[in-house]
Amino acid sequence: MGELVATDFVTWFESQHGKLDTENVGIVNIPGQGRGAVALQDIPEDHILFTIPRDLTLSTRTSSLPSLLGKSWKEYRLHEGWAGLILCMMWEESRGSDSKWSGYLATLPTKFDTPMFWDEEDLKELQGTAVVDKIGRDDAERDYYEKLVPAMKTRPDLFPEDKLPAFFSLERYHVMGSRILSRSFHVEPWKGEHTDDQDEQGEDEAANTSAMDIDHNEREGDTGEPASPEKAETLDEVGELQVEPDELEDDEEREDPSDVAMVPMADMLNARFESENAKLFYEERELRMVSTKPIKAGEQIWNTYGDPPNSDLLRRYGHVDLVPLRPPLSGMGNPGDVVEVRADLVVSVISPKVKYDLQERVDWWLEEADDDVFVLHTDCDLPEEFVSFARLLLLPKDEWEKTAKKSKVPKPKVDHAVLAVAADVVEKRLKEYPTTIEEDEELLAPECIEQLSLNRKHAIIVRLGEKRILQGALNKVRAKLAAIKGTGKKRGRDEERRGEGKKLRKQ
């Protein structure tokens, strides 16, 4: 089970009126996962593991920094995105023991295995994956220089020059951002609770979210509501927050940045694909972590990330999941993996096959369907949106004109032409990776894997998971093409026989 750790943190937590069931829950070091929570004895379902006072969560609502900065808070757009929460965390840390969160901040990680901190050589290993374009380092640094630095210069009393290098550097900014990305939760105000920015809801653009999913359905017989733990970024959905590859844009449109909060103790729980046995619920004055099924003594207590793909797990948390895959795939991987296929890749395949310009149809599609990326899952089926888009580009001119007038995208009917395009698209997509499936499987073989760095191993696992989906989709497409071809040959033979029969009757 491991020796109990984080005793100073537990002492601090309880001094701030947090409650931990120390008879049933212990914090231990878990190999390969850092700290985590385990059951010290059998825990029944629906048991309260710990409670956290709402005012112990750390957010732009609970930190005093926004009110101290006054009008400057919005003047420098600190209410947009995560910039404000990052600055609050930096400032609270700089205050040392004067901050009520000092005992919590001291326990948070300072080093991360996420691609945000990889060197260029390691990043090359992710070529072709969904990770590369979502790291967001340039955007984050733009916020640092355009929002935080100017705001800090206006208040040397809050941000003394002698503290800037240690607590407010670009490096500390990235560390705090990574803490939010990997550990934050989505904590909305209690119903009826007034907030300073309540009057401006909907005006502010929200930021990327963190990463933990939450079930927003109330537990039976419970007057409280389930909380929104975000180890939630990509908060994909906000009911059970599911993670989708294009979540950044979706979340920025609907997420209130002031709802993003660091939740002491709750972020001690790790997560693994379909292993959740605890969930965070919120009430008017506190949040409660409750067991959702019986937990045996010695078992780890798992929260949920919403079972995102390895590309998202790596980007947010610096780890990947390896569990048995389901048919049509086999071996070890992440059943939640996805692979993205860009719409422009489909256009590049169809364009040489037709004699008309596709731009008008592409613009119409983006207006009507708003899909420029198609997502394949581990079932390896072609997405309906992909099929509709391919059919749109292949329509004869007269049918295209009728479709445009109706403002309805084509039905996702799969035929030979669509399958032929899909095969070419998937083959072209597979070539975007630096290696083949066989090469990656060889690199991950027992005799080779120990020679890999952690970053390279994770990159190979991510790209192999995506390539397996593509190969599975290609196999399905080829099988359907072969079936159509076989049906065509049989029909031809049948027609030939019928023709010969007619000749004999005439004779």
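Residues numbered from 1 in each chain as written. Predicted model: local features only at pLDDT ≥ 70, side-chain atom pairs only at ≥ 80, totals over all residues. Heavy atoms only, no water.

1. Comments concerning the packing of helix H13 (residues 359-368) against helix H15 (residues 397-406)
Then, in step 1: The interhelical angle for the contact between H13 and H15, taken along N-to-C directions, is 25°, at an axis separation of 12 Å. Between H13 and H15, the crossing angle belongs to the class labelled roughly parallel. Note on packing geometry: the crossing formed by H13 with H15 is left-handed. Between H13, through Glu360, Arg361 and Trp364, and H15, the contact on the second element is made entirely by Lys397, Trp400, Thr403 and Ala404.
Then, in step 2: Tallied by class, residues from the contact of H13 with H15 come to 3 nonpolar, 1 polar and 3 charged. (Axes fitted to C-alpha atoms, helices over the stretch in contact; angles between N-to-C directions. Helix = DSSP H or I, 4+ residues; strand = E, 2+ residues; numbered from the N terminus. Parallel < 35°, antiparallel > 145°, perpendicular 65-115°, else oblique. Left-handed = near helix turned anticlockwise from the far one by under 90°. Contact = heavy atoms within 4.5 Å. Nonpolar A, V, L, I, M, F, W, Y, C, P; charged D, E, K, R; others polar.)

2. Quick look at the environment of Asp440
Then, in step 1: Considering the arrangement of structural elements, one finds Asp440 in helix H17 (residues 437-443).
Then, in step 2: Each C-alpha atom, one on Asp440 and one on Lys457, is 9.7 Å from the other, the two residues being 17 residues apart in sequence.

3. Here's the deal with the environment of Leu105
Then, in step 1: Mapped onto the secondary structure, Leu105 falls in helix H5 (residues 102-105).
Then, in step 2: For Leu105, a relative accessible area of 4% puts it in the buried group.
Then, in step 3: Separated by 157 residues in sequence, Leu105 and Met262 place their C-alpha atoms 9.9 Å apart.
Then, in step 4: Ignoring any residue separated from it by four or fewer positions in sequence, one finds Leu105 in contact with Leu58, Met89, Glu92, Glu93 and Arg179. (Buried < 20%, exposed > 50% of the residue type's maximum accessible area, 1.4 Å probe, protein only.)

4. Remarks on the environment of Leu87
Then, in step 1: Examined against the element boundaries, Leu87 turns out to sit in helix H4 (residues 83-94).
Then, in step 2: By relative accessible area, which is 0% here, Leu87 ends up buried.
Then, in step 3: Put simply, Leu87 and Phe167 are 80 residues apart on the chain and 9.9 Å apart in space, counted from C-alpha to C-alpha.

5. Brief notes about the side chain of Lys467
Then, in step 1: The residue Lys467 is located in helix H19 (residues 454-506) in this model.
Then, in step 2: Look at Lys467 and you get buried, because its relative accessible area is 1%.
Then, in step 3: The contact partners of Lys467, leaving out residues within four places of it in the chain, are Leu430, Tyr433, Thr435, Thr436, Ile437 and Asp440.

6. Overview of the pairing of strand E4 (residues 48-53)
Then, in step 1: Among the 6 residues that make up E4, 5 are buried, leaving the element largely enclosed by the rest of the structure.
Then, in step 2: By the bridge criterion, 2 bridges tie strand E1 (residues 19-20) to E4 in an arrangement that is antiparallel. Bridged to Leu20 within E4 is Phe50.
Then, in step 3: Summarising the sheet, E4 and strand E10 (residues 286-291) pair through 5 bridges and their orientation is antiparallel. Note on E10: the bridge partner recorded for Phe50 is Met289. (Pairing = 2+ DSSP bridges.)

7. Description of unusual backbone geometry
Outside of glycine, negative phi angles account for most residues, and trans bonds account for most peptide bonds.
Then, in step 1: In this chain, Pro327 is followed by Pro328 through a cis amide linkage whose omega measures 10°.
Then, in step 2: Along the chain, Pro328 turns up in the loop between strand E12 (323-324) and strand E13 (332-333).
Then, in step 3: The phi dihedral of His17 is positive, around 75°, even though this residue is not glycine.
Then, in step 4: Note that His17 resides in the loop between helix H1 (7-15) and E1.
Then, in step 5: Of note in the backbone geometry, Ser407 takes a positive phi value of approximately 55° without being a glycine.
Then, in step 6: One can find Ser407 in the loop between H15 and helix H16 (416-430).

8. Side note on the packing of aromatic side chains
Then, in step 1: According to the stated counting rule, one finds 14 aromatic pairs in the structure shown.
Then, in step 2: Centroid distance Phe9 to Trp12: 5.8 Å. Interplanar angle 25°. Geometry classified as stacked. Placement of both Phe9 and Trp12 in helix H1 is noted, with a separation of 3 residues, approximately one turn of the helix.
Then, in step 3: Ring plane angle 35° and centroid distance 5.6 Å describe the contact between Phe374 and Phe389, whose orientation is recorded as tilted. Placement of the pair is Phe374 in strand E15 (residues 373-377) and Phe389 in helix H14 (residues 384-394), with a sequence separation of 15 residues. As far as burial versus exposure is concerned, Phe374 and Phe389 are alike and both buried.
Then, in step 4: Every member of this aromatic cluster is reached through a ring pair, and the members are Phe9, Trp12, Phe13 and Tyr104.
Then, in step 5: Positioned above the aromatic ring of Trp91 is the side chain of Arg95, whose terminal nitrogen or guanidinium carbon lies 4.7 Å from the ring centre.
Then, in step 6: Of note, Lys100 hangs over the ring of Trp101, and the distance from its end group to the ring centre comes to 5.4 Å. (Phe/Tyr/Trp six-rings, centres within 6.5 Å; stacked < 30°, edge-to-face > 60°. Lys NZ or Arg CZ within 6 Å of the ring centre and 35° of its normal.)

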